[in-house]
There are 2 protein chains.
Amino acid sequence: KLKHEVKDCRELIERLAAKAKLNPLSVEFSQHLDKHDKLSYLRDEFNIPKSRDVIPNDVVALKPNESSIYFCGNSLGLMPKRVKHLVNQELDVWAASGVNGHFTHPYNRPWLSIEDTVVEKTAEIVGAKPIEIAIMNTLTSNLHLLMASFYTPTKHRNKVLMEAKAFPSNQYAVESQIKFHGYDPATTLITVNSPPGEYTINLDDILNTIEREGSSISLILFSGVHYYSGQFFKLKKITAAAQKKGCVVGFDLCHAVGNVVLKLHKWNVDFAAWCSYKYLNSGPGGIAGIFIHEKHAHDFNRPRFAGWWGSDRRSRFQMDKPFNPIPGAGGFQVSNPSVLNTVSLLGSLDVFSKTSMVQLRSKSILLTGYLDYLLDKQLNGLGYKLITPRDPHQRGCQISLVYDEDKLDKVIKGLMKHGAVVDERSPDCIRIAPNPMYNSFSEVFRFVKALKSIMEELGFKFEAKK
Amino acid sequence: KLKHEVKDCRELIERLAAKAKLNPLSVEFSQHLDKHDKLSYLRDEFNIPKSRDVIPNDVVALKPNESSIYFCGNSLGLMPKRVKHLVNQELDVWAASGVNGHFTHPYNRPWLSIEDTVVEKTAEIVGAKPIEIAIMNTLTSNLHLLMASFYTPTKHRNKVLMEAKAFPSNQYAVESQIKFHGYDPATTLITVNSPPGEYTINLDDILNTIEREGSSISLILFSGVHYYSGQFFKLKKITAAAQKKGCVVGFDLCHAVGNVVLKLHKWNVDFAAWCSYKYLNSGPGGIAGIFIHEKHAHDFNRPRFAGWWGSDRRSRFQMDKPFNPIPGAGGFQVSNPSVLNTVSLLGSLDVFSKTSMVQLRSKSILLTGYLDYLLDKQLNGLGYKLITPRDPHQRGCQISLVYDEDKLDKVIKGLMKHGAVVDERSPDCIRIAPNPMYNSFSEVFRFVKALKSIMEELGFKFEAKK
Ligand SMILES: Cc1ncc(COP(=O)(O)O)c(C=O)c1O
Ligand SMILES: Cc1ncc(COP(=O)(O)O)c(C=O)c1O
């Protein structure tokens, strides 16, 4: 039975502990889970930072030489070891043979088609066909290129629907696109909110909004996993409801790709975009990706911002030929891509190829479920509010905790001293993202223990819940 | 007297040879020029490929272990040695400290502001103020972002003026922008042609077209140095004439930046864009750059495709703030930039910082002038047509030769055997670009000698012209 078919993580954790005849709150149980983790060998593919190296200069770690607890892959994924090797190979090719690397390449990655090395592997991860994938540019610039094609407002259908509190860059991008077409974001951008005081957006509210406003909505642009709350939206259902109303549906998947199982082709999503520096571990500012559904592959009538890299390869260097778009997502490429960034991504995708998103997700549900369980049992929810859905199907690996504003700094600094890296969203939130690729159950145990001692220093008293 | 004030290179070459009491066609004279080259020490900053490494697998070099004659920096610049060091430093920071590299950086390049390391140095090279420069994305995607802001067609002013036979990607980009606004490229895109049978476009024809059509032209988008003919357009005069007519003026400078002296601020150019993998030596698919004149720095009313990286740094991570554009080019950034590509560019800019564009251009005029002189005297123009302007002020370092179609392959293969790398534009053109950064006068001598022997094998007979 796949872990991602599990409905309740707490029940699962206790069942596993009972089977192993261990106390689910004991360190031994965390070690037991590690021992039975079929993906634990993947950790060795990554450079795991030491505690001393992940903290600012003004913080002193308690055990500086110990490995850090890196739960920040939602912001920047760790470096796969093979990346260094691949990047240096490309530097060596450039050094040794200059422009000839475009044609003759000692490692069989001629730069003229360097994107071919990463398209299929990416397609696998997002549940797409290769024709639906292009690796190019950066996330926000791709969102603009995609909206140039897929946001085609008309007098009676011009609205854009997003989740409330979408990532600022996406809000800016959408607002600027709306203005570009001469509409007013105040009335043209509509959002679905979570109920007052809550952080999770109800699926029913999304579907009802689509039902109610759909005929005036041109584009629905949601994130796959919300960057702040960690909520994993029901992409299939949103897509189906939206398309029934004649809307185009696109997703920003930068917190979803490499994190949850995606079936973009099957779900009939129109387009999607993501960055690769989070769960795809391609390094700071790495090259981004786009998905365009196969059903649009031969539609050359949509507006599109064209460039030579999207034009047929055979005639690309014949300088008198008109734009002859490559069918599919490849036709949306505009420029020759960065070779360093492409192989940096490749180094990570090669690690993904050793496993599958189903396996990763299966571990992830257990790993984050274990975190959720320990937080619940050991910290009793005191001093923070856990804002991420408890249902594993409605979240990825990330759990977000909201603190009173005056506590955040102390919590973050305290965690740093214990070598734990989480992502801080001022003024009051930490995002904790145990990554099934390189994190362990023992790290989750250490993390909760550290957080507990910090909270105790802040005056909270805990008892293990029954 | 600066070499770039020279009007006639042939006269200059002969004067220098006479002064040195050397035959201008002799190998000794090339050595003499190298000995007096104040920039020759820069060659050592680069990895110079060996002959054996720059040629395809099916060609055997005559002297495989000799350094190649790399005259292809117009396509891909050679790798500065310090790039490897810088890129590996960043990989090490990523490996050691993950996300913390954004804030604390052992080499003082925190990723959160990594673009700061390259903005001023780039401004220096293009004759701009730092506020006018942003380093971001790739060339064609930047052209689209810039046109979204600066191509604002109206009913009576909607045309775009380009040089005829502009680089295909730019044609595709402009055509797609025109269509995006609902106009027809066939009538909305107008071009200035060279006279029949010629390759150089007359300045008068450009200025007359602007005079005649200016009031209906929205945007003038020319290249700085034409990728094919090597013609260096009179950017200052074009800008002035265009602005008198109320047109916006932008330039694609990818063959001009690092090649010729630019004074974008002084010339009052509205905007420009370039790639960095040619004369800026930043590696395949390196990060691109944009210029937006200071006069637009505080104009927030133009349409623009926005992203968080263009929003004020202090509030960028406060997630509930509206878009608050950074004044100047920085406000056009959309995404966090690639760290690997940024430091790869930095490695090259650090070499530029050792000299200046005036010094480089001064050597370049002599180096390309010497090539022009030797071609003229030794090959007598037989078997090819030199299509680049002879006037050094109307070209950069590149000289283009057009052959009969059936000869091109033989010439290219022959040059390869001699370890000479030039850029091939099928069906009939070679582009030869001696780079003052890393090429020498002796290499020019070797090159012309090789080309002569190849042409002799093809049946041409030469005598040195008097
Ligand atoms: C003149 C010119 N413009 C545009 C481009 C397109 O560059 P990119 O692929 O970086 O967008 C090139 C590429 O060589 C070029 O030479
Ligand atoms: C949800 C989301 N969207 C968009 C972005 C912007 O990414 P980029 O700077 O790569 O365009 C981010 C960056 O973290 C993000 O988290």
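See above for the structure.
Below: a short report on this structure.

## Looking at the overall build of chain A
The secondary structure content of chain A amounts to 14 helices and 13 strands. Against the compact-globule benchmark of 23 Å for 466 residues, chain A has a radius of gyration of 23 Å, which places it among compact chains. Reported as C-alpha extents along the three principal axes, the dimensions of chain A are approximately 75 × 60 × 45 Å. By the burial criterion, 64% of the 466 residues in chain A qualify as buried.

## Brief notes about the sheet that holds strand 9 (residues 384-386) of chain A
Residue and element names in this part refer to chain A. Read across the open sheet, the 4 strands follow the order 9-10-13-12; overall the sheet is antiparallel. Strands with a single pairing partner mark the edges of an open sheet, and in this sheet they are strand 9 and strand 12 (423-425). Each strand of the sheet is rotated relative to its neighbour by a mean of 25°, with strand direction disregarded. Direction of pairing for strand 10 (residues 399-403) relative to strand 13 (residues 429-432): antiparallel, over a ladder of 4 bridges.

## Re the nonpolar core
Judged by nonpolar contacts, the single largest core of 294 residues is most densely connected at A:W274, A:F447, B:W274 and B:F447. With residues up to four places along the chain from it excluded, the contact list for A:F447 reads A:I69, A:F71, A:L371, A:L415, A:A420, A:V422 and A:I432.

## With respect to the site of ligand 1
Lining the immediate environment of ligand 1, one finds A:W308, A:S335, A:N336, B:L139, B:T140, B:F167, B:N170, B:D252, B:C254, B:H255, B:Y277 and B:K278. Around ligand 1, the nearby residues trace back to chains A and B. B:D252 is positioned such that a nitrogen or oxygen atom in its side chain is 2.7 Å from a nitrogen atom of ligand 1. B:H255 is positioned such that a nitrogen or oxygen atom in its side chain is 2.9 Å from an oxygen atom of ligand 1. Protein coverage of the free-state accessible area of ligand 1, which is 400 Å², stands at 96%. Residues that form the shell around ligand 1 fall into these classes: 5 nonpolar, 5 polar and 2 charged.

## Considering the pattern of salt bridges
Per the stated rule, a full pass over the model turns up 58 salt bridges over all chains. Note that A:R313 is salt-bridged to A:E115, the shortest N-O span being 3.4 Å. One end of the pair, A:R313, is in the loop between strand 8 (289-292) and helix 11 (339-352); the other, A:E115, is in the loop between helix 3 (81-97) and helix 4 (116-126), and 198 residues separate them in sequence. The partner of B:E11 in a salt bridge is B:R15, and the shortest N-O contact between them spans 3.4 Å. One end of the pair, B:E11, and the other, B:R15, are both in helix 1 (residues 9-19), 4 residues apart, so they sit about a helical turn from each other. Residue classification places B:E11 among the partly exposed residues on the basis of a relative accessible area of 43%. Look at B:R15 and you get partly exposed, because its relative accessible area is 39%. By sharing partners, the salt bridges in this structure join A:R10, A:D372, A:D376, A:R390 and A:R395 into a single network.

## Digging into the relation of the copies chain A and chain B
With an RMSD of 0.0 Å, the fit of chain A onto chain B corresponds to turning through 180° and sliding 0.0 Å along the axis. This pairing of chains is accounted for by a two-fold axis. By C-alpha distance to the rotation axis, the residue of chain A lying nearest is A:N137, at 3.1 Å.

## Observations regarding empty space enclosed by the protein
Inspection of every chain in the model, using the stated rule, returns 9 cavities of 30 Å³ or more. Considered as a void within the structure, the largest cavity measures approximately 190 Å³ in volume. If you go around the largest cavity, you meet 21 residues; those closest to its centre are A:N137, A:N341, B:N137, B:T138 and B:N341. When its residues are assigned to classes, the lining of the largest cavity shows 6 nonpolar, 15 polar and no charged. Estimated volume of the second largest cavity: approximately 70 Å³. Contributing to the lining of the second largest cavity are 14 residues, with A:E163, A:F167, A:N170, A:S223 and A:D252 lying nearest its centre.

## A closer look at the packing of helix 12 (residues 357-379) of chain B against helix 14 (residues 441-457) of chain B
Residues and elements named next belong to chain B. Relative orientation of the contacting elements helix 12 and helix 14 amounts to 25°, with a least axis distance of 10 Å. As the angle between them shows, helix 12 and helix 14 are arranged roughly parallel. For helix 12 against helix 14, the interelement crossing comes out right-handed. Residue-level inspection shows K363, L366, L367, Y370, L371, L374, L375, Q378 and L379 of helix 12 in contact with helix 14, the latter providing F441, V444, F445, F447, V448, L451, K452 and M455.

## Regarding helix 4 (residues 116-126) of chain B
Residue and element names in this part refer to chain B. Among all positions of helix 4, only T117, V118, V119, T122, A123, I125 and V126 are buried. Next to the buried residues of helix 4 lie strand 2 (133-135), helix 10 (264-267), strand 7 (271-274), helix 11 (339-352) and helix 12. Backbone geometry just downstream of helix 4 places G127 in the positive-phi region, at approximately 70°.

## Topic: the environment of B:F29
Residue and element names in this part refer to chain B. Relative to the assigned elements, F29 resides in helix 2 (residues 27-35). Note on F29: relative accessible area 0%, which makes it buried. In this structure, the C-alpha to C-alpha distance between F29 and L16, residues 13 residues apart in sequence, is 9.1 Å. Look past the residues within four positions of F29 in its chain and what remains in contact with it is I13, L16, A17, L22, N23, P24 and Y370.

## Topic: the site of ligand 2
Near ligand 2 the following residues occur: A:L139, A:T140, A:F167, A:N170, A:D252, A:C254, A:H255, A:Y277, A:K278, B:W308, B:S335 and B:N336. More than a single chain frames ligand 2: its nearby residues are located in chains A and B. A distance of 3.3 Å separates a nitrogen atom of ligand 2 from a polar side-chain atom of A:N170. Interatomic distance of 2.5 Å between a side-chain N/O atom of B:S335 and an oxygen atom of ligand 2. The fraction of the free accessible surface of ligand 2 (400 Å²) that becomes covered by protein chains is 96%. Class assignment of the residues belonging to the shell around ligand 2 gives a composition of 5 nonpolar, 5 polar and 2 charged.

Rules of the game
- Residues numbered from 1 in each chain as written.
- Chains lettered and ligands numbered in written order.
- Predicted model: local features only at pLDDT ≥ 70, side-chain atom pairs only at ≥ 80, totals over all residues.
- Heavy atoms only, no water.
- Helix = DSSP H or I, 4+ residues; strand = E, 2+ residues; numbered from the N terminus.
- Rg over C-alpha atoms; globule rule 2.2 N^0.38 Å.
- Buried < 20%, exposed > 50% of the residue type's maximum accessible area, 1.4 Å probe, protein only.
- Pairing = 2+ DSSP bridges.
- Axes fitted to C-alpha atoms, helices over the stretch in contact; angles between N-to-C directions.
- Core = buried A, V, L, I, M, F, W, Y, C linked by side-chain atoms within 4.5 Å.
- Contact = heavy atoms within 4.5 Å.
- Near = heavy atom within 4 Å.
- Polar contact = N/O pair within 3.5 Å; in protein donor to acceptor, adjacent residues only side chain to side chain.
- Areas by Shrake-Rupley, 256 points an atom, 1.4 Å probe, with all protein chains shown as cover.
- Nonpolar A, V, L, I, M, F, W, Y, C, P; charged D, E, K, R; others polar.
- Salt bridge = Lys/Arg side-chain N within 4 Å of Asp/Glu carboxyl O.
- Least-squares fit on C-alpha atoms with pLDDT ≥ 70 in both.
- 1 Å grid on protein atoms, 1.4 Å probe; cavity = no way out; pocket = protein on both sides within 12 Å on 5 of 7 lines; lining within 4 Å.
- Points joined across faces, edges and corners; volume = space filled by probe spheres on them.
- Parallel < 35°, antiparallel > 145°, perpendicular 65-115°, else oblique.
- Left-handed = near helix turned anticlockwise from the far one by under 90°.

Without other data, these values stay purely geometric and don't point to any function.
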